[in-house]
Amino acid sequence: MDASTTPVLIGAAQITQREPDPTKARSAMGLMVDVGRAAAEDAGAGQALIDALDAIVVLRSFSDTSWRFTSPFGGPKNPPKSLAGHLGAGNATKLVYTWPGGNMPQWSINKLCQMITDGEIGAALVTGGEALATQKAAQRQKVQLDWNEDAGGTPEAWGVETRGWNENEDAHRMGAAIYMYPLLENALRGHLGQSIDEHQMVMGKLFARFAEVAAGNPLADRRDGFSAEQIATPGPDNPYIGFPYTRLMNSNAFIDQAAAVIVASLETARRLGVPEDKIVYLHGCADAHDIWYMSDRIDYHGSKAMPVVYGAAMEMAGVGIDDIDHFDLYSCFPSAVQVGCTSLGIGQDDPRGLTVTGGLPYFGGPGNNYVTHSIAEMIQVVRKSPGSKGLVTANGNYITKHAAGIYSTEPVDKPYAPTPEAELQARLDAIPGSPPKTDLASGPATVETYTVIHGRGGVPDFGLVIGRLADGTRFMSNTPDDEALLRDMTQRDYLGAAGKVANDGQRNTFTPD
């Protein structure tokens, strides 16, 4: 093994800010500065490591990702360059700002490790930060903040710019995770043959285990240790967001959190005096994506890409599922975890546990950056248990973009050589089976899957239906804005329900019989 081309992870740090006064709280950039320095200190090399950085990768902020989170207080125009300036990382010439995706922290680690292997860089920082709790508090208190920075220039972009929904899905108000994942969840319930009440408790029990881990994590935002009943039962403090998901089943985005991970060549780590017990190796990794748009999916109860990605990562690491000691499965919503467990062939009650952080609803869901926290926490976990192996999974869009990494303090015994993403993707793209579809539909139809989106106070707002015409053609649609119907759709099972679909030339409306 050539130490100059062996990638290792040497620094990891996380911050959760709980400052109630918006004028005293750190901005997202301020949090990234703090956590970047903390990661260098964690490695035992401090400023010398920051001086050695060749690359800085910043995960795209939620304010630059979705209209729902747009900052009224501005933000940095070139985040990695601003961060490099604040840190004094004057040697970092590769400055990257990613496109959106919960997969991007692991994807970026995988890419940086390849760059180290190829001799292109010697050390890199991956970080991201959110201050949505402070942003929301400032808006409520009518406090004006100024988070603008202009360091000049334009950062390099990594990832995929293409948004996760197409025009027809957008026309039917399906362009967000809080709309798409409930559609997946109800389809999964139908596939399992469970009633609404049965499945509600399955989800509650699953996420109660996550909440229990969060209760013991000082960095977690929600540390109440919610019970399955508290999570599963809708009520004034836990209303439905997108049926069947209550508030406590949704990723918790309004937090102030930042995380950073530093990767380097083994030679760089040793030259800077990083202690051997700080060094963690990426034993296996992989990246690929499912069929991009929901309307084109083969079905809505599983993933074709997850098993391929997870299998490729384990094959690279030379391990099987029984060799994994720790997990952090991406947990934006229950369906993501359930499909992940099925893809790995493990139970939802696996005694090893499914999270090391507490998951996105309870630890916190800091936008595209959650998996940086996941990796940072896994680094600490495997350091405390030398030789053990931890699997981190990452998910972008709507069970669409997938990445995985297997971490251990055990040194690798072969060069870093993941299966190329293009090779895995070609394998997935060859899978046939997407049904015929139409943008505009009319005639007798049945419900393939559905959800009811709720507004403030848990009041039903509008319905989403993915349906099939009599000949099997799929369509996207809404329901009539009838509150009685919408409430009934949360109480009685509408999967497979018959009705009629009509269109106004722009969008479809499905009306149950």
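In short, a report on the structure. The residue numbers shown here count from 1 along each chain, following its written sequence. In view of the model being predicted, local features appear only for residues whose pLDDT reaches at least 70, and side-chain atom pairs are presented and counted only at 80 or more, with totals across whole chains, interfaces and linings using the full set of residues. For the side-chain quantities, the full set of heavy atoms in the structure was used; hydrogens and water were omitted.

### A closer look at helix 5 (residues 132-141)
1) Next: Along helix 5, the positions that sit buried rather than exposed are L132, T134, Q135, A137 and A138.
2) Next: Contacts: residue pairs with any heavy atoms within 4.5 Å of one another. Runs of H or I in DSSP of at least four residues are treated as helices and runs of E of at least two as strands, each being numbered from the N terminus. Buried residues along helix 5 sit in contact with strand 4 (123-131) and strand 8 (256-265).
3) Next: Note on helix 5: the residue one or two positions beyond its end, K142, has a positive phi of about 60 degrees. Burial classes: relative accessible area under 20% of the type maximum marks a residue as buried, over 50% as exposed, and values in between as partly exposed (1.4 Å probe, protein chains only).

### Concerning the environment of D323
1) Next: By the secondary structure assignment, D323 is in the loop between helix 11 (305-317) and strand 10 (326-328).
2) Next: Between the C-alpha atom of D323 and that of G390, which follows or precedes it by 67 residues, the distance is 9.2 Å.
3) Next: Side-chain atoms alone can form a polar contact between residues adjacent in sequence; in general such a contact is a pair of N or O atoms within 3.5 Å, and within protein one must be able to donate a hydrogen while the other accepts it. A polar contact is formed between the side chain of D323 and the backbone nitrogen of G320, at a distance of 2.8 Å.

### A word on the sheet that holds strand 11 (residues 390-396)
Within a sheet, neighbouring strands are paired by backbone hydrogen bonds and run either parallel or antiparallel to one another.
1) Next: Pairing within the open sheet is mixed, and its 4 strands lie in the order 9-12-11-10. The sheet is open, and its two borders are formed by strand 9 (281-289) and strand 10, each paired with just one other strand. On average, each strand axis in the sheet is inclined to that of its neighbour by 10 degrees, with strand direction left out of account.
2) Next: One requirement defines pairing of two strands: DSSP has to find at least two bridges between them. Bridge count for strand 9 against strand 12 (residues 401-408) is 8 bridges, and the pairing is antiparallel. Residue pairing for strand 12: C285 is matched across the bridge by G405.
3) Next: Note on method: axes are straight lines fitted to C-alpha atoms, helices fitted across the in-contact stretch only, with angles between N-to-C directions ranging 0 to 180 degrees. Sheet strands in contact with helix 4 (residues 104-117) are strand 9, strand 11 and strand 12, and its direction is about 120 degrees off that of strand 9.

### Side note on the pairing of strand 3 (residues 94-98)
Consecutive side chains along a regular strand alternate between the two faces of the sheet.
1) Next: A large share of strand 3 lies buried, amounting to 4 of its 5 residues.
2) Next: Pairing of strand 2 (residues 55-58) with strand 3 involves 4 bridges; the strand directions are parallel. For A55, the partnering residue across the bridge sits in strand 3 and is K94.
3) Next: Orienting the strands away from the viewer, one traces the path from the first strand over the helix to the second; a clockwise path indicates a right-handed crossover. Crossover connection from strand 2 via helix 3 (residues 79-87) to parallel strand 3: handedness right-handed.
4) Next: Bridging between strand 3 and strand 5 (residues 156-158) involves 3 bridges; their strand directions are parallel.

### So, empty space enclosed by the protein
1) Next: Whether a set of points on the 1 Å grid over the protein atoms alone is a cavity depends on a 1.4 Å probe fitting there but being unable to get out, while an open set qualifies as a pocket with protein on both sides within 12 Å along at least five of seven lines; lining residues are those with an atom within 4 Å of a point. Grid points are joined across faces, edges and corners, and a volume is the space filled by probe spheres set on the points. Evaluation of the coordinates by the stated rule reveals 2 cavities of 30 Å³ or more.
2) Next: Quantified by volume, the largest cavity comes out at close to 100 Å³.
3) Next: Looking at the largest cavity, the residues that line it are L184, D290, I291, R297, I298, D299, Y300, G302, S303, K304, Y398 and I399.
4) Next: Residues are grouped as follows: nonpolar covers Ala, Val, Leu, Ile, Met, Phe, Trp, Tyr, Cys and Pro; charged covers Asp, Glu, Lys and Arg; every other residue, Gly included, is treated as polar. For the lining of the largest cavity, the per-class residue count stands at 6 nonpolar, 2 polar and 4 charged.

### Some words on the packing of aromatic side chains
In this description, an aromatic ring pair is defined by two values, namely the gap between the centres and the angle between the planes.
1) Next: Each pair of aromatic rings taken from Phe, Tyr and Trp, with Trp reduced to its six-membered ring, is defined by centres within 6.5 Å and is described as stacked if the planes are under 30 degrees apart, edge-to-face if over 60, and tilted in the remaining cases. Evaluation of the coordinates by the stated rule reveals 16 aromatic pairs.
2) Next: Chaining the aromatic ring pairs together yields one cluster made of Y181, Y245, F333 and Y398.
3) Next: Residue placement shows K111 over the ring face of W158; its charged tip is 5.2 Å from the ring centre. Counting as a charge over the ring demands two things of the Lys NZ or Arg CZ atom: a distance within 6 Å of the ring centre and an angle within 35 degrees of the ring normal.

### Details of unusual backbone geometry
1) Next: Omega for the bond connecting F243 with P244 falls within 30 degrees of zero, at 10 degrees, which places this linkage in the cis form.
2) Next: When you line up the elements, P244 lands in the loop between strand 6 (240-242) and strand 7 (245-246).
3) Next: Of note, I399 is a non-glycine position whose phi angle comes to about 50 degrees, a positive value.
4) Next: Since its relative accessible area comes to 3%, I399 is described here as buried.

### Overview of the sheet that holds strand 1 (residues 7-16)
1) Next: If you walk across this open sheet you meet the 6 strands as 1-8-4-2-3-5, and the pairing is mixed. A strand with exactly one partner marks an edge of an open sheet, and here the two such strands are strand 1 and strand 5. Across this sheet, the average inter-strand angle for adjacent strands is 20 degrees, counted without regard to direction.
2) Next: Examined bridge by bridge, strand 2 and strand 4 share 4 bridges and lie parallel to one another.

### Examining the layout of surface pockets
1) Next: Looking at the second largest pocket, its volume works out to about 460 Å³.
2) Next: Lining the second largest pocket are 28 residues, and of these S61, S63, D64, G75 and P76 sit closest to its centre.
3) Next: At the level of secondary structure, the elements contributing two or more residues to the lining of the second largest pocket comprise helix 1 (28-42), strand 4 and helix 5.
4) Next: The biggest single contributor to the lining of the second largest pocket is strand 4, with 4 residues.
5) Next: A breakdown of the residues in the lining of the second largest pocket according to their chemical character gives 13 nonpolar, 9 polar and 6 charged.

### So, the environment of A484
1) Next: Residue placement: A484 occurs in helix 15 (residues 483-491).
2) Next: The spacing of A484 and P460 is 24 residues in sequence and 9.0 Å in space, taken between C-alpha atoms.

### Quick notes on the pattern of salt bridges
1) Next: In what follows, salt bridge is the name for a side-chain nitrogen of Lys or Arg lying within 4 Å of a carboxyl oxygen of Asp or Glu. Counted under the stated rule, the structure contains 17 salt bridges.
2) Next: For R468, the salt bridge is made with E448, and the minimal N-O distance between the two is 2.9 Å. With R468 in strand 14 (residues 460-469) and E448 in strand 13 (residues 443-454), this pair connects stretches of sequence that are 20 residues apart.
3) Next: Note on E448: relative accessible area 22%, which makes it partly exposed.
4) Next: Where salt bridges share partners, they join D42, K278 and R383 into one cluster.

### Some words on helix 4
1) Next: The terminal C-alpha atoms of helix 4, which comprises 14 residues, lie 20 Å apart, in line with the 20 Å expected from a rise of 1.5 Å per residue.
2) Next: Every buried residue of helix 4 is accounted for by M104, P105, Q106, W107, S108, I109, N110, L112, C113, M115, I116 and T117.
3) Next: G119, located one to two residues past helix 4, shows a positive phi value of around 80 degrees. To estimate the expected span of a helix, subtract one from its residue number and multiply by 1.5 Å.

### A short note on the packing of helix 4 against helix 13 (residues 370-384)
1) Next: One can describe the packing of helix 4 onto helix 13 by two numbers: an axis separation of 7 Å at closest approach and a directional angle of 60 degrees. With respect to their mutual orientation, helix 4 and helix 13 come out oblique. Residues P105, Q106 and I109 of helix 4 pack against V371, T372 and I375 of helix 13.
2) Next: Per-class residue counts for the contact of helix 4 with helix 13 are 4 nonpolar, 2 polar and no charged. Angles below 35 degrees are treated as roughly parallel, those above 145 as roughly antiparallel, those between 65 and 115 as roughly perpendicular, and all remaining angles as oblique.

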